[in-house]
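# What the coordinates show
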Amino acid sequence: MSVVSYQLEGDIGVIRLNNPPVNALSHALRSGIQDAVTQAQDDASLALVLMCEGRTFIAGADISEFGKPPMLPSLPELLIVLEASKKPIIAAIHGTALGGGLETALACHYRCALPSAQVGLPEVKLGLLPGAGGTQRVPRLTGVKAALDLMTTGAPIAAAQALNIGLIDKVVEGDLLSAALDFANEVIAQGAELKRVSDLEVDKTTASAEFFAEYRKTLSKRLRGQEAPHRIVECIEAALNTPFDEGLKVERRLFVECMQSSQSGALQHMFFAERMSSKVKDLPKDTQLKDIKRVGIIGGGLMGGGIAMNFVNVGIPVTLLEISQEALQRGKDLIAKNYAMTVSKGKLTVELATQRQDMITGTTDYNDLADMDLVIEAVFENLDIKKQVFAKLDNVCKQGAILASNTSYQDVNLIAQSTSRPQDVIGLHFFSPANVMKLLEIVRGDETSDEVVATSMAIAKSIKKVPALSRVCYGFIGNRMLRHYAREAQLCLLEGSTPQNIDAVMQKFGMAMGPLAVGDLAGIDIGYKAREGLTDEQKGDVRTYCIADALYEMGRLGQKTGAGYYQYDPETRQRSVDPVVMEVIEAQAKKRGVERKVISDKTILDRLTFALINEGFKILEEGIAQRPSDIDVVYAFGYGFPAYRGGPMFYADTIGLEKIYHTVCEFADTYGEEFWQPAALLKQLVEEGKTLTQWANS
Ligand code: 3HC
C-alpha cells in the first residue's frame, strides 16, 4: 500500500500520508508527497490540504535513515517544492507535528490544528538543529526569542500557544478533514493567496547583539557541554541578518556539522535505547497484562510519597499505609509541600493539585490493601523488615495482585520467598525524587511471572517513566555499578585529590553533579547505615569508606546537617570548600599509610568512568541487564550521566574497548587487583576485535 494518497474533494486536493507508526518522513513518504504536489499543480484543484492518517501528523525526519546514504528528494528540497506550489497548501495537524514534521507544515502556506495537537522542534534532543528550513522560517513567524526557546528546549507546545506565537493560523474543532476543507474554501474565497513564510522578514526589534550574548550565556549553564544549542543560536542570527536563501545555507552547514558530531550519535543512540528498554527479550507476544486500577503504597516517607504522586498524577487512586496517624500526616504534609511547589512554579493549578491529593487515602491498617491491584513497599532498606511486610501482604492482598518492593539493594528473591506467591513479586526501584526522576529499574526475580514483568513495563509507560529491566544482584544495575564509581572517588580522595577537584572533573565530563556533591545531597549516613550490618569482609577495603565514616562520626551527614564533603550556607544551600575536610582526608591517609600525591584530571576521569564501564561489562556477561543500551538508559535517566555521551556503555565504544581493557589492566597493576579485574566480556571483545554495539547486535 502506498504511504501517500491524493484525491480531489470538490475544489480541494487532499494529500493523505499514512506511514505508521508516527508518519516519519521516510524516503517513500518524501517522494510520495513530492509526486502528489507535482500532480496537483496541473489538475482541477484550487487549493491543497496536507494531512496524516493514524495517531499523529508527521513526527519528523526518519531517524532510522540517519547515517545512511542520502536518497532524493531530501527534506529541504521537498520543502522548496512545497513552498513553491502555485496552489495554496494547508497543513492540517493532529497529534504531534515535530521536527521535520513542523518544518513541512511551515513550508505550507497555511496551518490549522486540532486543540489537542502539539507542535515542536525536538532536534536539539538528538544533538541536531532543525535542518529543513525551521531555523529560518520559525523566527519569521514568532520573532527571535520564541524561536530560540522552541528550538533550544525541544519541548512541544500546545496548539493554542502555537496560535498565540504565530506558528499556526487557526485552531479548528471537530472533524479535522471537514475543518481543513472549510479553511481551504475560506482561503480560496479570499483569493487563494500564497503566504510563503520565506517572504517574511524577521522582526529586527526583537533581538540585539547583547540579547544573543546573554542567551548564549544562559544556554551554557542550562545545557552545559552541548554543542547543538549554540549552533541553533548561530542559525537564528543568520535568519536575522541575512536573506532567506543565505540563512538556509548557514543552517545546512551547521546541520551537517551537528549530524557528524559524536554528541548527535550519542543522543540518537539514547533515543532508540529509551524505546528499546521497554522491550523484554524473552516475553511471549501474547503475554496478558494485568489491569491496574488501585495502588497501595507502604511507607509515606520521601520515596513512598513521591511514588504515590506518580500514580495520582495519571488518575490512579492510591492507598498510603503508614505505621501511625502521625507518620501518615507527615507523609501527607510532604506530598502537599511537593504539590505546592509545583503550583508555585505555575506547572499545575491549585484545583488539580487538590484533586490529586484527594485521590490519596491514608490508612494504618493492612486490611485496607486487600483490594489493591498493585502494592509497592517503600519502607526502610532492611531485608528483615521488608520480609515481614511481604508476609503481611501475602495474608491480606487478593490473589493476582502484584507485590512490588522499591528496594535499591535487597535480594528480591529472598523477599519473594517470604510470600506464598513469588510469581507475583517484583522489584520496582524508583529514584529519588520519585515524582521527578524518569528511571524505573524493574527487578525480575527468578520466579516472577511473565505477566507481572509485562505489566510492570506497561505501568512504567503509564506513569511516564523509562523502564530498564534488571535481574537480581546486589544493587541491581545502577547501584551495583555506582559502588565501583564511588569507590574510585573515595580512593582518589585518599590518595591525593580533593572533593572539589573530583567533582569538577566529573561535572566537566558532563555528570549532572560530582560524586561527592551527590554524597552530600543523598546523605553520608545512608552508606554508613548500609555498612553497619555488614561484616568487615562484606564492607570491603577500609580505604574505600574511611573518609566517609570519619565525616559521619563528626556529624557531617551532608546537606541536611549543613556540612559533609563541603559546607553549606544555611539560607542558600550554596556549597563551599571546608578546610576541615582536608584535615580529615589527610589524617585518614596517614592512618592508612597512604602517601598523598597529585592525581591528574585525566586519571580521575578514567578511574571513575572505567570503574563504571568494567562493572557494566560484568553485569552484561552475567545476564543481569538485557543489553548494553539498557545500562545506558539506567545511567542517563537515573544517575545524571550525560546523554550526549550516550551512557557509559556507548561511551566505552566511543573510547575503544582496547584502550579501556589495557587501562584497566594497568590500573590493576598500579592500584591493586582487588579493585581492578577486567571483565571477561571486555577481554573477549578485545580479543575478537569487536565493539560492544556489534556484540549487542549479533
Ligand atoms: N523516526 C523514526 N522512527 C521514529 C521516529 C522518527 N522521527 N519517531 C518515533 N519513531 C518510532 C520509535 O522508535 C518507535 O519505534 P518502536 O515502536 O519500534 O520502538 C515508534 O516510532 C513509536 O514511537 P514512541 O514509542 O516514541 O511513541 P509515542 O507515541 O510515545 O511518541 C512521538 C510519539 C511523540 C512522535 C515520539 O516518537 C517522538 O518524540 N519522536 C521523535 C520526534 C523527533 O525527534 N523528531 C525530530 C526528528 S529529527 C528531524 O526532524 C530533523 C529535521 O529537522 C531535518
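Just so you know, these numbers come straight off a predicted model, no measurement behind them.

What counts and what doesn't
The numbering scheme is per chain: residues are counted from 1 as the chain's sequence reads. Note on the predicted model: pLDDT of at least 70 is required for a residue's local features to be given, and 80 or more for side-chain atom pairs to be given and counted; whole-chain, interface and lining totals, by contrast, use all residues. Side-chain metrics in this entry use all non-hydrogen atoms of the structure; hydrogen atoms and water are not considered. UniProt positions are given in the numbering used here, feature names are shortened, and annotations may be inferred rather than shown by experiment. Only DSSP runs of H or I reaching four residues or more are called helices, and only runs of E reaching two or more are called strands; each is numbered from the N terminus. Between N-to-C directions, angles span 0 to 180 degrees; the directions come from axes that are lines fitted to C-alpha atoms, helices contributing only their stretch in contact. When describing relative orientation, an angle under 35 degrees is termed roughly parallel and one over 145 degrees roughly antiparallel, while 65 to 115 degrees is termed roughly perpendicular and anything else oblique. Left-handed describes a crossing whose near helix is turned anticlockwise from the far helix by less than a right angle; the clockwise case is right-handed. Only heavy atoms matter for contacts: two residues are in contact if any of them lie within 4.5 Å across the pair. Three residue categories are used. Nonpolar comprises Ala, Val, Leu, Ile, Met, Phe, Trp, Tyr, Cys and Pro, charged comprises Asp, Glu, Lys and Arg, and polar comprises the others, including Gly. Where each domain begins and ends follows an automated or database-derived domain assignment. When two parts are brought into contact, each loses some accessible area as probed by a 1.4 Å sphere; the total of that loss over both is the buried area. For this document, the term salt bridge refers to a Lys or Arg side-chain nitrogen within 4 Å of an Asp or Glu carboxyl oxygen. Classification of residues uses two cut-offs on accessible area relative to the type maximum, computed with a 1.4 Å probe and protein chains only: under 20% is buried, over 50% is exposed, and between them is partly exposed. Any pair of nitrogen or oxygen atoms within 3.5 Å is treated as a polar contact; in protein, a donor-acceptor pairing is required on top of that, and neighbouring residues in sequence qualify only through side-chain atoms on both sides. Residue count minus one, scaled by 1.5 Å, sets the expected span of a helix.

### Digging into the UniProt feature "domain: 3-hydroxyacyl-CoA dehydrogenase NAD binding" (unreviewed entry) in the protein
Listed under "domain: 3-hydroxyacyl-CoA dehydrogenase NAD binding" (unreviewed entry) in the UniProt record, and renumbered for this structure, are residues 295–468. Taken end to end, residues 295–468 has its terminal C-alpha atoms 21 Å apart, with 43% of it in helix and 20% in strand.

### Regarding the packing of helix H12 (residues 302–313) against helix H13 (residues 325–344)
Packing of H12 against H13 brings their axes to within 9 Å, and their N-to-C directions diverge by 55°. Classified by the interaxial angle, the pair formed by H12 and H13 is oblique. Crossing of H12 against H13: the hand is right-handed. Here Leu 302, Gly 305, Ala 308, Met 309, Val 312 and Asn 313 of H12 come into contact with H13, specifically with Leu 334, Ile 335, Asn 338 and Tyr 339. In the contact of H12 with H13, the residues fall into 7 nonpolar, 3 polar and no charged.

### Considerations on the domain arrangement of the protein
Each assigned domain of the protein is listed with its residue range as follows: domain 1 (4–251), domain 2 (295–476) and domain 3 (479–623 + 656–697). Just the C-alpha atoms count here: the centres of domain 2 and domain 3 sit 30 Å apart. The interface is formed by 8 residues belonging to domain 2 together with 5 residues belonging to domain 3. Of the roughly 600 Å² buried between domain 2 and domain 3 on both sides combined, carbon and sulfur atoms contribute 54%. At the surface where domain 2 touches domain 3, the tally comes to 0 salt bridges. Grouping the constituent residues of the side of domain 2 that touches domain 3 by class yields 4 nonpolar, 3 polar and 1 charged.

### Comments concerning the environment of Tyr 215
When you line up the elements, Tyr 215 lands in helix H8 (residues 209–222). Residue Tyr 215 is classed as buried on the basis of its relative accessible area of 8%. Residues Tyr 215 and Lys 145 lie 70 residues apart in sequence; the distance between their C-alpha atoms is 9.1 Å. Within the structure, the side chain of Tyr 215 is placed 3.5 Å from the backbone oxygen of Leu 148, a separation counted as a polar contact.

### Notes on helix H11 (residues 262–276)
Taking 1.5 Å of rise per residue, the 15 residues of H11 would be expected to cover 21 Å, and the 21 Å separating its terminal C-alpha atoms lies within 8% of that figure. Along H11, the residues that are buried comprise Gln 263, Ser 264, Ala 266, Leu 267, Gln 268, Met 270 and Ala 273.

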